[in-house]
Amino acid sequence: MTDYIRQAQAFLRTAEAAFEASDYGPCYENARTAAELAAKHLLAKKGVPPKAHNVAEALTEAGHWPTGEPFKRLSKFLGDHTRGIYGFHEPITGKEAQRGLQLAKQVIEKAQSLT
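Just so you know, these numbers come straight off a predicted model, no measurement behind them.

Caption draft 1: Up close: the nonpolar core. Membership of the largest hydrophobic core comes to 31 residues, with the highest contact counts inside it found for Leu 59, Leu 74 and Val 107. Per-element tally for this core: the top contributor is helix 2 (residues 24-45), with 10 residues.

Next comes the structure, spelled out in structure tokens:
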């Protein structure tokens, strides 16, 4: 396992704990970070150096993530890298946090399948 995967799993555990405590902002941000790190692991496997927070497009181009709606959801999630921290005017809902957890788990599972 690479450091990306270990770190992704740690952020996912933190996100899950935050969700259980109904701390949806921290849950969302930690889940987003977990997904980003797992995505960067996938890109590193293809020899594509990750250079941004939102690596959804590079991930899709490398053939590791589907196009269409799944791409849009992941891109929006990864591109939302400050909402969990600074989104005070529009707090993260439990439903959004749960969707973030699901996306993070999907990306981590995909990354682990290639490890």
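Caption draft 2: Examining the confidence of the model for the chain more closely. Scored by pLDDT, the chain has a mean of 84; 86% of the residues are at 70 or more. Of all the helices and strands in the chain, helix 5 (residues 83-86) carries the lowest mean pLDDT, 57, while helix 1 (residues 3-20) carries the highest, 96.

Caption draft 3: Local environment of helix 2. Between its terminal C-alpha atoms helix 2 stretches 32 Å, which fits the 32 Å expected from 22 residues at 1.5 Å a residue. The element helix 2 is largely enclosed, with a buried count of 18 among its 22 residues. Positive phi appears at Gly 47, one or two residues downstream of helix 2, with a value of about 80°.

Caption draft 4: Broad picture of helix 6 (residues 94-113). The end-to-end C-alpha distance of helix 6 is 29 Å, a good match for the 28 Å that 20 residues give at a rise of 1.5 Å each. Among the residues making up helix 6, those that are buried are Gly 94, Glu 96, Ala 97, Gly 100, Leu 101, Leu 103, Ala 104, Val 107, Ile 108 and Ala 111.

Caption draft 5: Spotlight on the pattern of salt bridges. Applying the stated criterion across every chain yields a total of five salt bridges. The salt bridge involving Arg 6 is made with Asp 3; its shortest N-O contact spans 2.8 Å. Here Asp 3 and Arg 6 lie together in helix 1, a separation of three residues that amounts to about one turn. Residue Arg 6 is classed as partly exposed on the basis of its relative accessible area, which comes to 42%. Judged by relative accessible area, which is 47%, Asp 3 ranks as partly exposed. As a salt-bridge pair, Glu 36 and Arg 32 come within 2.7 Å of each other at their nearest N and O atoms. You can see Glu 36 and its partner Arg 32 sitting in helix 2, four residues apart, about one turn around the helix. Residue Glu 36 shares its accessibility class with Arg 32, and that shared class is buried.

Cut-offs applied
- Residues numbered from 1 in each chain as written.
- Predicted model: local features only at pLDDT ≥ 70, side-chain atom pairs only at ≥ 80, totals over all residues.
- Heavy atoms only, no water.
- Core = buried A, V, L, I, M, F, W, Y, C linked by side-chain atoms within 4.5 Å.
- Buried < 20%, exposed > 50% of the residue type's maximum accessible area, 1.4 Å probe, protein only.
- Helix = DSSP H or I, 4+ residues; strand = E, 2+ residues; numbered from the N terminus.
- pLDDT = per-residue confidence, 0-100.
- Expected span 1.5 Å × (residues − 1).
- Salt bridge = Lys/Arg side-chain N within 4 Å of Asp/Glu carboxyl O.

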